[in-house]
Amino acid sequence: QQQVKQSPQSLIVQKGGIPIINCAYENTAFDYFPWYQQFPGKGPALLIAIRPDVSEKKEGRFTISFNKSAKQFSLHIMDSQPGDSATYFCAASIEGGSYIPTFGRGTSLIVHP
Amino acid sequence: NAGVTQTPKFQVLKTGQSMTLQCAQDMNHNSMYWYRQDPGMGLRLIYYSASEGTTDKGEVPNGYNVSRLNKREFSLRLESAAPSQTSVYFCASSDTDRGTNNSPLHFGNGTRLTVT
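Figured I'd write up the structure that's included with this text. (Residues numbered from 1 in each chain as written. Chains lettered and ligands numbered in written order. Predicted model: local features only at pLDDT ≥ 70, side-chain atom pairs only at ≥ 80, totals over all residues. Heavy atoms only, no water.)

What about the pairing of strand 8 (residues 72–77) of chain A?
All names here are of chain A.
Then, in step 1: Buried residues dominate strand 8, accounting for 5 of its 6 residues.
Then, in step 2: Direction of pairing for strand 3 (residues 20–25) relative to strand 8: antiparallel, over a ladder of 5 bridges. Counted as the bridge partner of Asn22 is Ser74 from strand 8.
Then, in step 3: Sheet topology places strand 7 (residues 62–67) next to strand 8; 6 bridges connect them, and they run antiparallel. Opposite Ile64, over in strand 8, you have Leu75 as the bridge partner.
Then, in step 4: Once strand 7 ends, the chain turns through 4 residues before running back antiparallel as strand 8, passing Lys71 with a positive phi of about 55°. (Buried < 20%, exposed > 50% of the residue type's maximum accessible area, 1.4 Å probe, protein only. Helix = DSSP H or I, 4+ residues; strand = E, 2+ residues; numbered from the N terminus. Pairing = 2+ DSSP bridges.)

Okay, structure coming up:
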């Protein structure tokens with residue numbers, strides 16, 4: 001059973017575009033939602049994270065939008081650059097419960113110059 | 001500060017051979033994890049260790065064993081490799097002693113394993 005569903009599996013945009021990656025979760029107990037960025041040949045690294053007490057969080061060109069009632073959250077990359085080309089994973093976990101995050105299956109993003 | 005270090009970076013095995021993947025972290029984290037990454041499947045947890053001396057199965061533990069040698073090191077062993085274990089293996093650690101369970105994971109750069 002896939003508890004965190006991520007879409008799309010792949011995404012191609014032009015430089016300057018705004019790619020959007022969506023994730024949906026089932027377990028309403030999840031209360032921490034990080035996004036990881038992975039470059040080819042490297043391990044994933046934390047990009048940005050949000051808790052459900054806010055609906056949006058921005059860090060530089062990266063924004064997480066969170067919709068608690070719909071059980072969905074998404075990553076927006078403003079003014080995307082070729083250097084943003086990577087695989088992005090969403091995840092969810094429960095504070096006070098298991099410390100094991102549940103990952104989405106990843107989105108491969110290509111930003112063309 | 002090296003973070004999480006995995007060795008080897010690449011390995012080719014024949015079916016039935018055994019090997020141990022090594023992982024060490026220098027961040028004094030109490031929790032460590034082994035994941036495998038396959039195309040279209042994302043990151044799947046093999047085993048994890050919440051603290052020195054404890055290990056637990058994850059989503060895909062069959063065919064693997066682990067050892068939490070000390071707080072720094074967490075190894076993954078394939079006793080009899082199979083082609084289905086061809087994958088990229090990632091070790092990760094997190095600081096779950098901070099009073100919150102939502103410490104991010106810090107990953108190594110992976111071991112690319114091919115079993116023929």
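A closer look at the sheet that holds strand 1 (residues 4–7) of chain A
All names here are of chain A.
Then, in step 1: Within the open sheet, the 5 strands sit side by side as 1-3-8-7-6. Their pairing is antiparallel. Edge positions in the open sheet fall to strand 1 and strand 6 (56–59), since each of these has one partner strand only. Put simply, the sheet's adjacent strands are angled 15° from each other on average, direction ignored.
Then, in step 2: Here 4 bridges tie strand 1 to strand 3, and the two strands are oriented antiparallel to one another. Bridging across to strand 3, Gln6 finds its partner in Cys23. (Axes fitted to C-alpha atoms, helices over the stretch in contact; angles between N-to-C directions.)

Considering the environment of Pro101 of chain A
Then, in step 1: Relative to the elements of secondary structure, Pro101 of chain A occurs in the loop between strand 9 (86–92) and strand 10 (102–103).
Then, in step 2: Those residues in contact with Pro101 of chain A, other than ones at most four positions away along the chain, are Ala91, Ala92 and Ser93 of chain A together with Tyr35 and Leu105 of chain B. (Contact = heavy atoms within 4.5 Å.)

Looking at the state of the cysteines
Two cysteines form a disulfide when their sulfur atoms are joined by a covalent bond.
Residues and elements named next belong to chain A.
Then, in step 1: Under the defined criterion, the tally for this structure stands at 2 disulfides over all chains.
Then, in step 2: Linked covalently through their sulfurs, Cys23 and Cys90 form a disulfide whose S-S length is 1.9 Å. Across the disulfide from Cys23 to Cys90, rotation about the S-S bond amounts to roughly -95°, and the bridge is consequently left-handed. With Cys23 in strand 3 and Cys90 in strand 9, this pair connects stretches of sequence that are 67 residues apart. (Disulfide = S-S within 2.5 Å.)

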